[in-house]
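These are the residues of each chain, in order.
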Amino acid sequence: MRADYTEIFQDEATVEKYEHVVFAPDSYSSAISKRQRHYLRSLVKRAFPYRRPVQHDFACGTGRAIRLLHGLVRGAHGYDTSAQMLAKASEIGAYAELHHISAVGDVPEPQPADSPVLVTIFRLLLNVDEEVRDRAVAFSAKALRNYDAGLLIVENHGNRQSLRHLRHHRHQESPWFAELDHTEIAELLDRHGFTVVERRGFALFSRGWYGRRWLRPFATFLDDVAARTSWFSRWSVNVLYVARRTRVE
(Lines give C-alpha, C1' and ligand atoms only; values in the text may rest on other atoms or scores of the structure.)
Protein backbone atom coordinates (compact mmCIF):
# COMPACT_ATOMS: atom_id res chain seq x y z
CA MET A 1 0.00 0.00 0.00
CA ARG A 2 1.27 3.45 -0.86
CA ALA A 3 1.20 6.20 1.77
CA ASP A 4 1.69 8.79 -1.00
CA TYR A 5 -0.94 7.52 -3.43
CA THR A 6 -2.77 10.85 -3.63
CA GLU A 7 0.42 12.83 -4.22
CA ILE A 8 1.62 10.54 -7.01
CA PHE A 9 -1.17 11.62 -9.34
CA GLN A 10 -0.34 15.31 -8.98
CA ASP A 11 2.46 14.69 -11.49
CA GLU A 12 1.58 15.21 -15.17
CA ALA A 13 4.00 12.49 -16.35
CA THR A 14 2.29 9.96 -14.07
CA VAL A 15 -1.12 10.98 -15.39
CA GLU A 16 0.07 10.51 -18.97
CA LYS A 17 1.50 7.07 -18.14
CA TYR A 18 -1.74 6.06 -16.46
CA GLU A 19 -3.83 6.97 -19.46
CA HIS A 20 -1.52 5.92 -22.31
CA VAL A 21 0.43 2.98 -20.82
CA VAL A 22 -1.69 1.37 -18.10
CA PHE A 23 -4.81 1.72 -20.26
CA ALA A 24 -3.16 1.46 -23.66
CA PRO A 25 -5.51 -0.08 -26.28
CA ASP A 26 -3.89 -3.52 -26.21
CA SER A 27 -3.14 -3.66 -22.48
CA TYR A 28 -4.34 -5.99 -19.73
CA SER A 29 -6.23 -3.13 -18.06
CA SER A 30 -8.01 -2.12 -21.26
CA ALA A 31 -9.17 -5.72 -21.79
CA ILE A 32 -10.71 -5.64 -18.31
CA SER A 33 -12.22 -2.22 -19.00
CA LYS A 34 -13.99 -3.53 -22.12
CA ARG A 35 -15.60 -6.34 -20.10
CA GLN A 36 -16.60 -3.89 -17.39
CA ARG A 37 -18.18 -1.59 -19.95
CA HIS A 38 -20.40 -4.37 -21.30
CA TYR A 39 -21.47 -5.40 -17.81
CA LEU A 40 -22.03 -1.88 -16.46
CA ARG A 41 -24.11 -0.73 -19.38
CA SER A 42 -26.31 -3.80 -19.05
CA LEU A 43 -26.56 -3.30 -15.28
CA VAL A 44 -27.61 0.35 -15.56
CA LYS A 45 -30.31 -0.47 -18.11
CA ARG A 46 -31.59 -3.23 -15.82
CA ALA A 47 -31.38 -1.32 -12.54
CA PHE A 48 -32.78 2.00 -13.82
CA PRO A 49 -35.47 1.04 -16.36
CA TYR A 50 -37.66 4.13 -15.97
CA ARG A 51 -35.33 7.03 -15.29
CA ARG A 52 -31.66 7.36 -16.04
CA PRO A 53 -29.44 8.00 -13.00
CA VAL A 54 -27.00 10.78 -12.28
CA GLN A 55 -23.48 9.41 -11.85
CA HIS A 56 -21.11 10.52 -9.11
CA ASP A 57 -17.61 9.15 -9.78
CA PHE A 58 -15.43 9.50 -6.68
CA ALA A 59 -11.67 9.58 -7.35
CA CYS A 60 -12.61 9.84 -11.01
CA GLY A 61 -9.06 10.20 -12.31
CA THR A 62 -9.14 10.57 -16.08
CA GLY A 63 -12.85 9.77 -16.14
CA ARG A 64 -12.72 6.13 -17.24
CA ALA A 65 -15.84 5.08 -15.28
CA ILE A 66 -17.65 8.14 -16.60
CA ARG A 67 -16.73 7.32 -20.19
CA LEU A 68 -17.89 3.71 -19.73
CA LEU A 69 -21.42 4.99 -19.16
CA HIS A 70 -21.67 7.83 -21.67
CA GLY A 71 -25.22 8.06 -22.99
CA LEU A 72 -26.80 6.00 -20.19
CA VAL A 73 -26.85 8.63 -17.43
CA ARG A 74 -28.72 11.93 -17.23
CA GLY A 75 -25.58 13.67 -16.04
CA ALA A 76 -22.27 12.94 -14.37
CA HIS A 77 -20.04 14.47 -11.74
CA GLY A 78 -16.39 13.55 -11.27
CA TYR A 79 -14.53 14.25 -8.02
CA ASP A 80 -10.75 14.03 -7.60
CA THR A 81 -7.92 15.45 -5.50
CA SER A 82 -5.67 15.77 -8.56
CA ALA A 83 -6.13 18.82 -10.78
CA GLN A 84 -3.89 17.11 -13.34
CA MET A 85 -6.18 14.09 -13.51
CA LEU A 86 -9.23 16.31 -13.91
CA ALA A 87 -7.55 18.26 -16.69
CA LYS A 88 -6.80 15.03 -18.53
CA ALA A 89 -10.39 13.84 -18.04
CA SER A 90 -11.65 17.04 -19.64
CA GLU A 91 -9.09 16.82 -22.44
CA ILE A 92 -10.04 13.29 -23.50
CA GLY A 93 -13.76 13.89 -23.38
CA ALA A 94 -15.28 12.78 -20.10
CA TYR A 95 -18.73 14.38 -20.32
CA ALA A 96 -19.17 15.45 -16.71
CA GLU A 97 -18.97 18.33 -14.30
CA LEU A 98 -15.53 17.90 -12.72
CA HIS A 99 -14.87 18.89 -9.10
CA HIS A 100 -11.46 19.37 -7.48
CA ILE A 101 -11.74 18.19 -3.85
CA SER A 102 -9.42 18.22 -0.86
CA ALA A 103 -7.64 15.03 0.18
CA VAL A 104 -8.25 15.79 3.85
CA GLY A 105 -10.92 17.40 5.97
CA ASP A 106 -14.65 16.91 5.86
CA VAL A 107 -16.16 14.34 3.52
CA PRO A 108 -17.03 16.16 0.27
CA GLU A 109 -20.67 16.91 -0.46
CA PRO A 110 -22.15 15.26 -3.56
CA GLN A 111 -23.75 17.62 -6.01
CA PRO A 112 -27.57 17.67 -5.62
CA ALA A 113 -29.51 15.39 -7.97
CA ASP A 114 -33.24 15.01 -8.54
CA SER A 115 -32.80 11.60 -10.17
CA PRO A 116 -31.72 8.16 -9.03
CA VAL A 117 -28.02 8.10 -8.21
CA LEU A 118 -25.17 5.88 -9.32
CA VAL A 119 -21.93 6.21 -7.35
CA THR A 120 -18.76 4.65 -8.79
CA ILE A 121 -15.39 4.19 -7.06
CA PHE A 122 -12.82 2.63 -9.39
CA ARG A 123 -9.12 1.85 -8.80
CA LEU A 124 -8.96 3.62 -5.46
CA LEU A 125 -9.59 1.23 -2.58
CA LEU A 126 -6.71 -1.17 -3.20
CA ASN A 127 -3.77 1.23 -2.82
CA VAL A 128 -4.92 3.61 -0.11
CA ASP A 129 -5.21 3.32 3.66
CA GLU A 130 -8.36 2.58 5.63
CA GLU A 131 -9.06 6.26 6.32
CA VAL A 132 -9.22 7.09 2.60
CA ARG A 133 -11.40 4.05 1.91
CA ASP A 134 -13.83 5.10 4.63
CA ARG A 135 -13.90 8.65 3.28
CA ALA A 136 -14.83 7.40 -0.18
CA VAL A 137 -17.67 5.20 1.08
CA ALA A 138 -18.84 7.93 3.47
CA PHE A 139 -19.19 10.18 0.42
CA SER A 140 -21.28 7.43 -1.18
CA ALA A 141 -23.53 7.29 1.88
CA LYS A 142 -24.20 11.01 1.52
CA ALA A 143 -25.24 10.50 -2.10
CA LEU A 144 -27.27 7.34 -1.42
CA ARG A 145 -29.49 8.12 1.55
CA ASN A 146 -31.63 4.97 1.42
CA TYR A 147 -32.19 1.70 -0.42
CA ASP A 148 -34.20 3.25 -3.24
CA ALA A 149 -31.76 6.11 -3.90
CA GLY A 150 -29.66 4.07 -6.33
CA LEU A 151 -26.51 1.96 -6.52
CA LEU A 152 -22.91 2.04 -5.38
CA ILE A 153 -20.30 0.23 -7.49
CA VAL A 154 -16.76 -0.25 -6.19
CA GLU A 155 -13.78 -1.90 -7.84
CA ASN A 156 -11.17 -4.18 -6.27
CA HIS A 157 -8.35 -4.74 -8.76
CA GLY A 158 -6.26 -6.92 -6.45
CA ASN A 159 -8.44 -9.69 -5.04
CA ARG A 160 -6.48 -11.74 -2.48
CA GLN A 161 -8.30 -14.93 -3.48
CA SER A 162 -7.16 -14.79 -7.12
CA LEU A 163 -4.20 -16.23 -9.00
CA ARG A 164 -2.47 -12.89 -8.47
CA HIS A 165 -1.95 -13.88 -4.83
CA LEU A 166 0.61 -16.48 -5.92
CA ARG A 167 2.99 -13.55 -6.53
CA HIS A 168 2.52 -12.23 -2.99
CA HIS A 169 5.78 -13.52 -1.50
CA ARG A 170 7.80 -12.24 -4.46
CA HIS A 171 6.29 -8.75 -4.37
CA GLN A 172 5.24 -8.28 -0.75
CA GLU A 173 7.81 -5.49 -0.27
CA SER A 174 6.47 -3.54 -3.23
CA PRO A 175 4.18 -0.64 -2.23
CA TRP A 176 2.16 -1.31 -5.40
CA PHE A 177 1.33 -4.92 -4.49
CA ALA A 178 -1.65 -4.51 -2.19
CA GLU A 179 -4.47 -7.01 -1.79
CA LEU A 180 -8.07 -6.92 -0.58
CA ASP A 181 -10.44 -9.83 -0.18
CA HIS A 182 -14.21 -9.99 -0.51
CA THR A 183 -14.75 -9.94 3.26
CA GLU A 184 -12.75 -6.73 3.67
CA ILE A 185 -14.80 -5.01 0.95
CA ALA A 186 -18.08 -6.22 2.49
CA GLU A 187 -17.02 -5.02 5.96
CA LEU A 188 -15.98 -1.61 4.61
CA LEU A 189 -19.34 -1.17 2.91
CA ASP A 190 -21.24 -2.45 5.94
CA ARG A 191 -19.65 0.18 8.19
CA HIS A 192 -21.47 2.79 6.14
CA GLY A 193 -24.78 0.94 5.84
CA PHE A 194 -24.26 -0.76 2.46
CA THR A 195 -24.86 -4.38 1.52
CA VAL A 196 -23.39 -6.09 -1.53
CA VAL A 197 -26.22 -7.26 -3.79
CA GLU A 198 -24.21 -8.37 -6.81
CA ARG A 199 -20.60 -9.24 -7.62
CA ARG A 200 -18.87 -9.77 -10.96
CA GLY A 201 -15.27 -10.67 -11.88
CA PHE A 202 -13.44 -9.56 -15.03
CA ALA A 203 -10.09 -11.39 -15.08
CA LEU A 204 -9.32 -14.83 -13.70
CA PHE A 205 -5.76 -14.51 -14.96
CA SER A 206 -3.14 -12.01 -13.85
CA ARG A 207 -1.27 -9.50 -15.99
CA GLY A 208 1.65 -11.86 -16.69
CA TRP A 209 -0.54 -14.24 -18.69
CA TYR A 210 -1.38 -11.42 -21.10
CA GLY A 211 2.28 -10.61 -21.58
CA ARG A 212 3.08 -14.00 -23.10
CA ARG A 213 2.04 -14.23 -26.73
CA TRP A 214 1.22 -17.94 -26.62
CA LEU A 215 -0.79 -17.68 -23.36
CA ARG A 216 -2.71 -14.48 -24.08
CA PRO A 217 -5.37 -15.92 -26.47
CA PHE A 218 -6.14 -18.70 -23.97
CA ALA A 219 -6.37 -16.32 -21.01
CA THR A 220 -8.39 -13.74 -22.94
CA PHE A 221 -10.94 -16.31 -24.11
CA LEU A 222 -11.50 -17.76 -20.63
CA ASP A 223 -11.66 -14.29 -19.04
CA ASP A 224 -14.25 -13.20 -21.60
CA VAL A 225 -16.37 -16.26 -20.79
CA ALA A 226 -15.97 -15.90 -17.01
CA ALA A 227 -17.01 -12.23 -17.10
CA ARG A 228 -20.47 -13.21 -18.37
CA THR A 229 -21.48 -14.77 -15.04
CA SER A 230 -20.99 -14.13 -11.34
CA TRP A 231 -19.89 -17.73 -10.70
CA PHE A 232 -16.18 -17.00 -11.09
CA SER A 233 -16.03 -13.69 -9.23
CA ARG A 234 -14.66 -15.35 -6.10
CA TRP A 235 -11.37 -16.11 -7.86
CA SER A 236 -11.14 -13.13 -10.22
CA VAL A 237 -8.24 -10.67 -10.00
CA ASN A 238 -10.53 -7.73 -10.80
CA VAL A 239 -13.96 -7.56 -9.16
CA LEU A 240 -16.84 -5.10 -9.13
CA TYR A 241 -19.21 -5.04 -6.15
CA VAL A 242 -22.70 -3.59 -6.53
CA ALA A 243 -24.22 -2.39 -3.26
CA ARG A 244 -27.34 -0.73 -1.91
CA ARG A 245 -27.86 1.33 1.21
CA THR A 246 -29.70 -0.99 3.60
CA ARG A 247 -29.00 0.76 6.90
CA VAL A 248 -29.09 4.43 7.82
CA GLU A 249 -27.19 5.49 10.93
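Whatever comes next refers back to the structure up there.
The rules we used
Residues numbered from 1 in each chain as written. Predicted model: local features only at pLDDT ≥ 70, side-chain atom pairs only at ≥ 80, totals over all residues. Heavy atoms only, no water. Salt bridge = Lys/Arg side-chain N within 4 Å of Asp/Glu carboxyl O. Helix = DSSP H or I, 4+ residues; strand = E, 2+ residues; numbered from the N terminus. Axes fitted to C-alpha atoms, helices over the stretch in contact; angles between N-to-C directions. Parallel < 35°, antiparallel > 145°, perpendicular 65-115°, else oblique. Left-handed = near helix turned anticlockwise from the far one by under 90°. Contact = heavy atoms within 4.5 Å. Nonpolar A, V, L, I, M, F, W, Y, C, P; charged D, E, K, R; others polar. Phe/Tyr/Trp six-rings, centres within 6.5 Å; stacked < 30°, edge-to-face > 60°. Buried < 20%, exposed > 50% of the residue type's maximum accessible area, 1.4 Å probe, protein only. Pairing = 2+ DSSP bridges. Core = buried A, V, L, I, M, F, W, Y, C linked by side-chain atoms within 4.5 Å.

Considerations on the pattern of salt bridges
Proximity of charged atoms lets side chains of opposite charge pair with each other. In the structure shown here, the tally under the stated rule is 16 salt bridges. In this structure, the salt-bridge partner of Asp26 is Arg216, at a minimum N-O distance of 3.4 Å. Remark: Arg216 occurs in helix 10 (residues 216-226) and Asp26 occurs in the loop between helix 2 (12-22) and helix 3 (28-47); sequence separation between them is 190 residues. Between Asp181 and Arg160 there is a salt bridge, and its shortest N-O distance comes to 3.3 Å.

Side note on the packing of helix 6 (residues 130-143) against helix 8 (residues 182-191)
Where helix 6 meets helix 8, the closest approach of the two axes is 9 Å, and the angle between their N-to-C directions is 55 degrees. It follows that helix 6 is oblique to helix 8 by the angle criterion. Judged by the twist between their axes, the crossing of helix 6 over helix 8 is right-handed. Where helix 6 abuts helix 8, its residues Glu130, Arg133, Asp134 and Val137 lie against Leu188, Leu189 and Arg191. For the contact of helix 6 with helix 8, the per-class residue count stands at three nonpolar, no polar and four charged.

Remarks on the packing of aromatic side chains
Applying the stated criterion across every chain yields a total of seven aromatic pairs. With a centroid separation of 4.9 Å and an interplanar angle of 75 degrees, the aromatic rings of Tyr28 and Tyr210 are classed as edge-to-face. With Tyr28 in helix 3 and Tyr210 in helix 9 (residues 207-210), this residue pair connects regions lying 182 residues apart in the sequence. Pair check on accessibility: Tyr28 and Tyr210 agree, each one buried. For the ring pair Phe205 and Trp209, a centre distance of 4.5 Å and an interplane angle of 50 degrees mean the geometry is tilted.

With respect to the sheet that holds strand 5 (residues 150-156)
In space, the seven strands of this open sheet follow the order 3-2-1-4-5-7-6, with mixed pairing throughout. Lying at the two open borders of the sheet, with one neighbouring strand each, are strand 3 (97-100) and strand 6 (194-203). The sheet shows a mean angle of 20 degrees between the axes of neighbouring strands, taken without regard to direction. Sheet strands in contact with helix 5 (residues 83-91) are strand 2 (75-80) and strand 3, and its direction is about 170 degrees off that of strand 3. Sitting on the sheet, helix 6 touches strand 1 (54-58), strand 2, strand 4 (117-121), strand 5, strand 6 and strand 7 (238-245), and the angle it makes with strand 4 is about 175 degrees.

Side note on the environment of Trp214
Here Trp214 shows up in the loop between helix 9 and helix 10. Separated by 160 residues in the primary sequence, Trp214 and Val54 place their C-alpha atoms 43 Å from one another.

Focus on unusual backbone geometry
Positive phi, normally seen in glycine, also occurs at Ala59, with a value near 60 degrees. Although it is not a glycine, Arg123 sits at a positive phi angle of roughly 50 degrees. Assignment of secondary structure puts Arg123 in the loop between strand 4 and helix 6.

Quick word on the nonpolar core
With 34 residues, the main nonpolar core has Leu40 and Ile153 as its most contacted residues. Elements with a contribution of two residues or more to this core: helix 3, helix 4 (64-68), helix 5, strand 5, strand 6, helix 10 and strand 7. Per-element accounting of this core gives the leading share, seven residues, to helix 3. Ranked by size, the runner-up nonpolar core spans 28 residues in total, among them Val117, Ala136, Phe139 and Ala178.

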